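Observations on chain architecture
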Amino acid sequence: MVQNSEIIEILNDLVLINNDRIAGYEKAEAEAGDLENDLRAMFHKLADESRANVLDLKSHVTNLGGEPATGTMLSGKLYRVWMDIRATFTSDNRRAVLENAEMGEDAAKKTYEEALKSDDLPADIRQLILSQYTAIQAAHDTVKTDRDRQRDVSKYPLTT
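With respect to the helices, strands and loops of the structure, Ser118 is situated in the loop between α4 (91-116) and α5 (123-155). The exposure class assigned to Ser118 is buried, which follows from its relative accessible area of 14%. At 3.1 Å, the side chain of Ser118 forms a polar contact with the backbone nitrogen of Asp120. Apart from the residues lying within four places of it in its own chain, the contact partners of Ser118 are Ile10 and Arg126.

See the structure below:
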């Protein structure tokens, strides 16, 4: 049972970081504004991805006899801070939001990397965590690419 409790704790940490992602991306989507359809679509997709992650993780927690976590992590403040958008998006704010989104994805990646260090994970759970980690890595890379593009636009604005 000790092994199950350790696995449940790992899975619940992943539930919490995904809840952080959901809260952050929902807020970002709501505040993105009508002119930022591409970001709103990306934020919506990433929140949905985390919702699916949470369902899968909670199912395993329950199957192991545990109580699925609710709420967010203390580090979830990072997500809420970077999503605390006070002004309408401008090119500089857009870049800042993308930079902060990348930092949030870094936090998620770190949580998944810590989970994967455990030697106690059954093969099916390890595969689930690895699959979710791969998707989070891809999200990170997408956000980073968009951020880099925004830097290029800010650095070399179009002139007429």
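What follows is about helix α2 (residues 37-63). Its 27 residues place the ends of α2 39 Å apart at the C-alpha level, agreeing with the 39 Å of an ideal helix rising 1.5 Å per residue. Turning to α2, its buried residues are Leu39, Met42, Phe43, Leu46, Ala47, Glu49, Ser50, Asn53, Val54, Leu57, His60 and Val61. Positive phi appears at Gly65, one or two residues downstream of α2, with a value of about 90 degrees.

Let's shift gears to the environment of Met73. Among the secondary structure elements, Met73 is positioned in the loop between α2 and α3 (76-82). Considering only alpha carbons, one finds Met73 and Asp13, 60 residues apart in sequence, at a separation of 7.7 Å.

Summarising the element assignment, Asp146 is placed in helix α5. Asp146 has contacts with Met42 and Leu98, leaving out every residue within four places of it along the chain.

Applying the stated criterion across every chain yields a total of one aromatic pair. Taking the centre distance of 5.5 Å and the plane angle of 25 degrees together, the rings of Tyr25 and Phe43 count as stacked. Of this pair, Tyr25 sits in helix α1 (residues 2-31) while Phe43 sits in helix α2, placing them 18 residues apart in sequence. Comparing Tyr25 with Phe43, the two get one shared label, buried.

Let us look at the environment of Lys45. Locating Lys45 in the fold gives a position in helix α2. Sequence separation of Lys45 and Tyr25 is 20 residues, and the distance between their C-alpha atoms is 8.9 Å.

We now examine the nonpolar core. Side chains that are nonpolar tend, in soluble globular proteins, to be buried together. Counting 25 residues, the largest nonpolar core has Leu11, Leu57, Tyr112, Ile125 and Ile129 as the members making the most contacts within it. Residue assignment for this core shows that the elements contributing at least two residues are α1, α2, α4 and α5. Take this core: its biggest share by element is nine residues, from α1.

Considering every residue of the chain, the mean pLDDT works out to 82; 78% of them sit at 70 or more. The secondary structure element of the chain with the lowest average pLDDT is α3, at 52, and the one with the highest is α2, at 95. Below a pLDDT of 50 lies the segment residues 85-91, which in the model reaches 13 contacts outside its immediate sequence neighbourhood of four places, other chains included.

Take the pattern of salt bridges next. This model, assessed by the stated rule, comprises nine salt bridges. In this structure, the salt-bridge partner of Arg21 is Glu105, at a minimum N-O distance of 3.0 Å. Here Arg21 is found in helix α1, whereas its partner Glu105 is found in helix α4, with 84 residues between them in sequence. No difference in accessibility class separates Arg21 from Glu105, as the two residues are buried. Ionic pairing is found between Asp146 and Arg149, a salt bridge with its closest N-O pair at 2.9 Å. In this pair, Asp146 and Arg149 are both assigned in helix α5, three residues apart and thus about one turn of the helix distant.

Conventions adopted
- Residues numbered from 1 in each chain as written.
- Predicted model: local features only at pLDDT ≥ 70, side-chain atom pairs only at ≥ 80, totals over all residues.
- Heavy atoms only, no water.
- Helix = DSSP H or I, 4+ residues; strand = E, 2+ residues; numbered from the N terminus.
- Buried < 20%, exposed > 50% of the residue type's maximum accessible area, 1.4 Å probe, protein only.
- Polar contact = N/O pair within 3.5 Å; in protein donor to acceptor, adjacent residues only side chain to side chain.
- Contact = heavy atoms within 4.5 Å.
- Expected span 1.5 Å × (residues − 1).
- Phe/Tyr/Trp six-rings, centres within 6.5 Å; stacked < 30°, edge-to-face > 60°.
- Core = buried A, V, L, I, M, F, W, Y, C linked by side-chain atoms within 4.5 Å.
- pLDDT = per-residue confidence, 0-100.
- Salt bridge = Lys/Arg side-chain N within 4 Å of Asp/Glu carboxyl O.

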